[in-house]
Amino acid sequence: MKLSFVLGELAAGLRRNLSMAVSVVLVTMISMYLLGLGLLAARQVDTMKDYWYDRVQVSIFLCVEGSQYPACGGKATTADQREQIRKQLEQMKPPVKDVYYESQAEAFKRFKEQFKNSPLAEQATERAFADSFRVSLTDAGRYDVITSSFDGAPGVGRVQDQKLLLDKFFTFMNVVSWAAIALSGLMVLCAVLLMATTIRQTAFSRRRETTIMRLVGASNATIQTPFVMETVVASLLGSGLAMGLLYATVRYGVEGYLSRALLDTAFIGLSDVLAITPWILGGVTALAVLTSWFTLRRYLRV
Amino acid sequence: MISFDTVTKTYAKGTRPALDAVTLEVERGEFVFVVGQSGSGKSTLLRLAIREERATSGQVHVSGRDLRTLPDRKVPHLRREIGTVFQDFRLLPAKTVFENVAFALQVIGKSRAVIRQTVPETLRIVGLDGKEKRLPHQLSGGEQQRVAIARAIVNKPTILLADEPTGNLDPDTSRGIVALLERINRSGTTVVMATHDAGIVDNFRKRVVRLAEGKVVSDVGGGDYGASVGSVVPDTGMPGSGMPSGSDTPTRTMKLPRLGRRAPDQEAPPPVSEGTDEAGRHTE
């Protein structure tokens, strides 16, 4: 089978069946764009996790006068108790990485700094804050070590892990990205069904040609390759466009806007688009080949 | 070349078999007419020979291959040795005469050089030189059938199967087409032609195998169309049969329930001759 002949037949086939080819291109594009968004959202969650888990701290709040924590029993932490906690933390390296003491006044100041644009800052009083040890860990997942050692210890009001707060957020983000992936799964199903319908229709409209090919002894590969190639080319074109759209989305939406608007958060970049590209293109090719193979087995008797 | 040994083909369970225990031998270089009414099994016979269908029982051998055991992937190679021609020509309407013939070579991977050499040669053989660039709809029916024949023989097959090749043509054109098949036969190609055109069969004095309801009811060398007393009902109203049917010569026939090997049908009389008495040759 000569390549020029195959390419000529391929071009003729796509031209003859232009509207079907365009619909395969578009449906593949949309489904792959959605799938890409889902995958990128999942990578965004990972990026943020890496970023935040490095910064996440476990706070050991101490008791101050008028503390609300039940463990305090209304008594403030003594200097001895405080030193005891500090010593114990120092001995726990690793998993403890750093220990930093923040007084009630410092905490209040930091809060006012962070929320300076919010009415909260004016309503807050210093009494609402407590002295605390801010403990950063080598592995954010090991926070239970701190909890088990300090929860209920003398002078400790409460052990609070920021990771728990973040995890709620990440769970939400994960649900969003999986929903996008599931939705794109439906679209991929549409794309597959459309490919199958297109092939069936093409096989029907070209039955005279395939009959002749069969009669003069063309091999199965020769008869089927144009169908497979047409599907692969159309769906690769679609997913190529989808990758272009994703690239534009990340370039202008994320790098151009989001990461400038929200400076203290890590965002995915173009490298993430590049990382998912081979998977999407490879997956689409495999899908197109499998779909055409199955459809041809049913509708193109050889 | 082609041999059927008690071949039965049943398309759907419970229906009458399209072929019923047919035993038939076609030697290399023979020219055979297969005649019979519509539904008598002519087409099925040809379809079995190119493995379009598989026999329900019995053995089919074509050019040394046992079609019962031939694996699917080798079927294309079988078909490259067999040319096929049909009543409806089966040309590709968007391709020129040249392209239609070249298509048969392209799809089996022949090089452009081979195509450029073989296709004009073949078109000359079928009498279409000068019409390479025409599209099928610009040709007469007879010319279209010549294109189809060119396509069938362009790969130099050893066997040519023709299923009612003159079914859509007038008597004169039909004779021209069969004369062409005869010429191809003389160059060594085995030709099997299914037809119910009495005029043609009478004219060419070839071996005639008659099928009725899936059974071989007669098999005579140099026979004519009416040469088949064994047939249940004589065909009536054949399309394109402008000639008197040969039913006035019933004596030459014998009913042959089973046939052994036959000598190849060597030289046929020229198409115009009438009433050759060489008829009736057959062996048990």
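Residues numbered from 1 in each chain as written. Chains lettered and ligands numbered in written order. Predicted model: local features only at pLDDT ≥ 70, side-chain atom pairs only at ≥ 80, totals over all residues. Heavy atoms only, no water.

(A) Local environment of a nonpolar patch on the surface. Among the surface-exposed residues, L183(A), L186(A), L189(A) and L193(A) lie close enough to one another that they form a single nonpolar patch of about 400 Å² accessible area. Relative to the helices and strands, L183(A) is located in helix α7 (residues 162–205). (Patch = residues over 30% accessible without salt bridge, like charges linked within 9 Å, V, L, I, M, F, W, Y side chains within 5 Å. Areas by Shrake-Rupley, 256 points an atom, 1.4 Å probe, with all protein chains shown as cover. Salt bridge = Lys/Arg side-chain N within 4 Å of Asp/Glu carboxyl O. Helix = DSSP H or I, 4+ residues; strand = E, 2+ residues; numbered from the N terminus.)

(B) Up close: the packing of α7(A) against helix α10 (residues 270–299) of chain A. All names here are of chain A. α10 packs onto α7 with a crossing angle of 40° between their chain directions and a minimal axis gap of 9 Å. Judged by the inter-axis angle, α7 sits oblique to α10. For the pair α7 and α10, the sense of crossing is right-handed. Here α7 contributes V188, V192, M195, A196, I199, R200 and A203 to the contact with α10, which in turn contributes L287, A288, T291, S292, T295, L296 and Y299. Here the contact of α7 with α10 is composed, by residue class, of ten nonpolar, three polar and one charged. (Axes fitted to C-alpha atoms, helices over the stretch in contact; angles between N-to-C directions. Parallel < 35°, antiparallel > 145°, perpendicular 65-115°, else oblique. Left-handed = near helix turned anticlockwise from the far one by under 90°. Contact = heavy atoms within 4.5 Å. Nonpolar A, V, L, I, M, F, W, Y, C, P; charged D, E, K, R; others polar.)

(C) Inspection of the interface of chain B and chain A at higher detail. The interface of chain B with chain A comprises 23 residues on the first partner and 18 residues on the second. In total, chain B and chain A occlude about 1,800 Å² of area from one another, counting both sides; carbon and sulfur atoms represent 58% of this. Looking at the side of chain B facing chain A, the largest losses of area belong to R79(B), F103(B) and V107(B), adding up to 29% of the total buried there. At the junction of chain B and chain A, the tally comes to one salt bridge. Our enumeration of links across chain B and chain A arrives at three residue pairs in polar contact (both at pLDDT 80 or more). Going through the elements one at a time, α2 (75–80), β6 (82–86) and α3 (97–106) of chain B are the ones with two or more residues in the side of chain B that touches chain A. For the side of chain B that touches chain A, a count of residues per class yields eleven nonpolar, four polar and eight charged. (Buried area = accessible area lost by both parts, 1.4 Å probe. Polar contact = N/O pair within 3.5 Å; in protein donor to acceptor, adjacent residues only side chain to side chain.)

(D) Spotlight on the sheet that holds β6(B). Residues and elements named next belong to chain B. On the basis of which strands lie adjacent, the open sheet formed by six strands has the order β6-β7-β8-β3-β9-β10 and mixed pairing. A strand with exactly one partner marks an edge of an open sheet, and here the two such strands are β6 and β10 (215–220). Across the sheet, the mean angle from the axis of one strand to that of its neighbour is 15°, orientation sign disregarded. Relative to strand β7 (residues 159–163), β6 runs parallel, the two sharing five bridges. Considered in β7, the bridge of G83 is made with L160. On top of the sheet, helix α5 (residues 141–153) reaches β6 and β7; it is set at about 165° to β6, its chief contact. (Pairing = 2+ DSSP bridges.)

(E) Just the sheet that holds strand β4 (residues 156–161) of chain A, in detail. All names here are of chain A. As summarised here, the arrangement of the four strands in space is β2-β3-β1-β4, forming an open sheet in which the pairing is antiparallel. Since the sheet does not close on itself, it has two edges, and those belong to β2 (96–102) and β4, each with one partner. Strand-to-strand twist of the sheet, defined as the mean angle between neighbouring strand axes without regard to direction, takes the value 20°. In this sheet, β4 lies alongside strand β1 (residues 57–62) in antiparallel orientation, the contact comprising five bridges.

(F) Molecular detail of the nonpolar core. Membership of the largest hydrophobic core comes to 63 residues, with the highest contact counts inside it found for F33(B) and L181(B). If we ignore the near neighbours within four places in the chain, the residues touching F33(B) are V178(B), M193(B), T195(B), I200(B), V201(B), F204(B), K206(B), R207(B), V208(B) and V209(B). Grouped together as the second largest cluster of nonpolar side chains are 31 residues, L215(A), I2(B), V7(B) and A49(B) included. (Core = buried A, V, L, I, M, F, W, Y, C linked by side-chain atoms within 4.5 Å. Buried < 20%, exposed > 50% of the residue type's maximum accessible area, 1.4 Å probe, protein only.)

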